[in-house]
Amino acid sequence: HMEIRTLADDEQITEPGFYRISLDRHHAQPCDGPSVTSSVLRKMELQTPADVWAFSLLNPNRYESEDRPALRLGRAMAAYVEGGMGVVSQHFRVLPEDKPRRPTAAQIAAYDAGKASEAAAVSVEFWRDVEADPRDILTDAEQRQIENMGKALALDPAACAVMGGEPEITMAIRDEETGLWLLSRPDTVSFDGMMSDYKRVSSQGRPFNHRLVDQRITDHAYDMQMSFAATVFEALTGNWPSAVGIVAQWDQPPYHVILREISEEDLRIAAFRNRRAISRFSECLETGDWPGPGADVAVYQRPDWQRTMLLEQMNTAFQ
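Below you will find a few notes about this structure. Being a predicted model, the structure only gives us computed values, none of them experimental. (Residues numbered from 1 in each chain as written. Predicted model: local features only at pLDDT ≥ 70, side-chain atom pairs only at ≥ 80, totals over all residues. Heavy atoms only, no water.)

## Focus: the environment of Cys-160
So, step 1. Here Cys-160 shows up in helix α8 (residues 157–162).
So, step 2. Judged by relative accessible area, Cys-160 falls into the partly exposed class, the value being 36%.
So, step 3. Measuring from C-alpha to C-alpha, the distance between Cys-160 and Val-247 comes to 9.6 Å, with 87 residues separating the pair along the chain. (Helix = DSSP H or I, 4+ residues; strand = E, 2+ residues; numbered from the N terminus. Buried < 20%, exposed > 50% of the residue type's maximum accessible area, 1.4 Å probe, protein only.)

## Re the pattern of salt bridges
Two side chains bearing opposite charge may form a pair once their charged atoms approach each other closely.
So, step 1. One pass over the structure, following the stated rule, counts 18 salt bridges.
So, step 2. In this structure, Arg-20 and Glu-166 form a salt bridge, with 3.4 Å as the shortest nitrogen-oxygen distance. Note that Arg-20 is positioned in strand β2 (residues 17–20) and Glu-166 in strand β6 (residues 166–167), a separation of 146 residues in sequence.
So, step 3. Looking at Arg-20, the relative accessible area reads 35%, which means it is partly exposed.
So, step 4. One continuous salt-bridge network, built from bridges that share partners, spans Arg-93, Asp-129, Asp-133 and Arg-135. (Salt bridge = Lys/Arg side-chain N within 4 Å of Asp/Glu carboxyl O.)

## Section: the nonpolar core
So, step 1. Judged by nonpolar contacts, the single largest core of 42 residues is most densely connected at Met-171, Met-195 and Phe-208.
So, step 2. Every element with two or more residues in this core is listed here: α2 (38–46), β7 (170–174), β10 (194–201), α9 (210–219), α10 (222–237), β11 (243–250) and α11 (264–287).
So, step 3. It is α10 that provides the largest number of residues to this core, a total of nine residues.
So, step 4. Ignoring anything within four residues of it in the chain, the contact list for Met-195 reads Met-171, Pro-186, Thr-188, Val-189, Met-226, Ala-229, Ala-230, Phe-233, Pro-241, Ala-243, Val-244 and Gly-245.
So, step 5. Of all hydrophobic cores here, the second largest spans 21 residues; its members include Met-77, Met-85, Ala-159 and Val-162. (Core = buried A, V, L, I, M, F, W, Y, C linked by side-chain atoms within 4.5 Å. Contact = heavy atoms within 4.5 Å.)

## Observations concerning the sheet that holds strand β3 (residues 35–37)
So, step 1. Ordered in space as β1-β2-β7-β8-β3, the five strands form an open sheet in which the pairing is mixed. A strand with exactly one partner marks an edge of an open sheet, and here the two such strands are β1 (4–6) and β3. Here the average twist between neighbouring strands, direction ignored, is 30°.
So, step 2. Pairing between β2 and β7: three bridges, direction antiparallel. Looking at β7, one finds that Tyr-19 is bridged to Thr-170.
So, step 3. Sheet strands in contact with α2 are β3 and β8 (181–184), and its direction is about 75° off that of β3. (Pairing = 2+ DSSP bridges. Axes fitted to C-alpha atoms, helices over the stretch in contact; angles between N-to-C directions.)

In structure tokens, the structure reads:
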């Protein structure tokens, strides 16, 4: 069994290993040198280096990235799987349905001058308390959904077995080729070699089935994410994991769960994309050149079906 170190707030990662740190720190350059996470590598492949650099903490002129609701609910779900609503409430504050409306600037000014109406005072005090709370926010409805999804997930023995490892551990190694730190953090890692990531899936009106889940894995390159985890795990333990998979759960009743194991062959194919992304990130960091989608100057590509149809029509038009 490997040792998992809890990193103090003022401490940096200076050697390879397993670390307990918050998700925010995982993404916030926690090492004594530049680090990349799976989301960076996937963005290098699925978008462009310019998209990575635009939001990178290494970039002094970066854009601030917005917390997407899907990510927030995914984090809440991971907390629920880890330890029920008790753990969720450590990280999230649930806002009641009958919460007061946010106060206007005029109401805040009146409150500060001691002239607020009773309703305005309640509103100002409620929202000031929320803003002072470091936890993320969940609505009442979101909390109910997480509980319902969590109960459905708990009834799936295979999902529970896969997700039974150590939750939310950051695995860190230094890449020999580039010197970059590589940080992987699947939702669960178990030292007997099972590794999984939980994905909450909105099917947007389509049936929730294996085909849809496979399409999401492809679209978001979750195979790269899991391959990266397997590679980092192997570097730390000497063992390639025995089973690597995605636990996908539909976000609508009855909250079906689908497990997709990713074969070693597919993980090895994805490892090629990770390797390419790591090398490219390192090269961009060295040169300061982060090409965007406009860097590739090429000619318009007409779709094949339209080309065939129009050429046929042209050939018969003037006969």
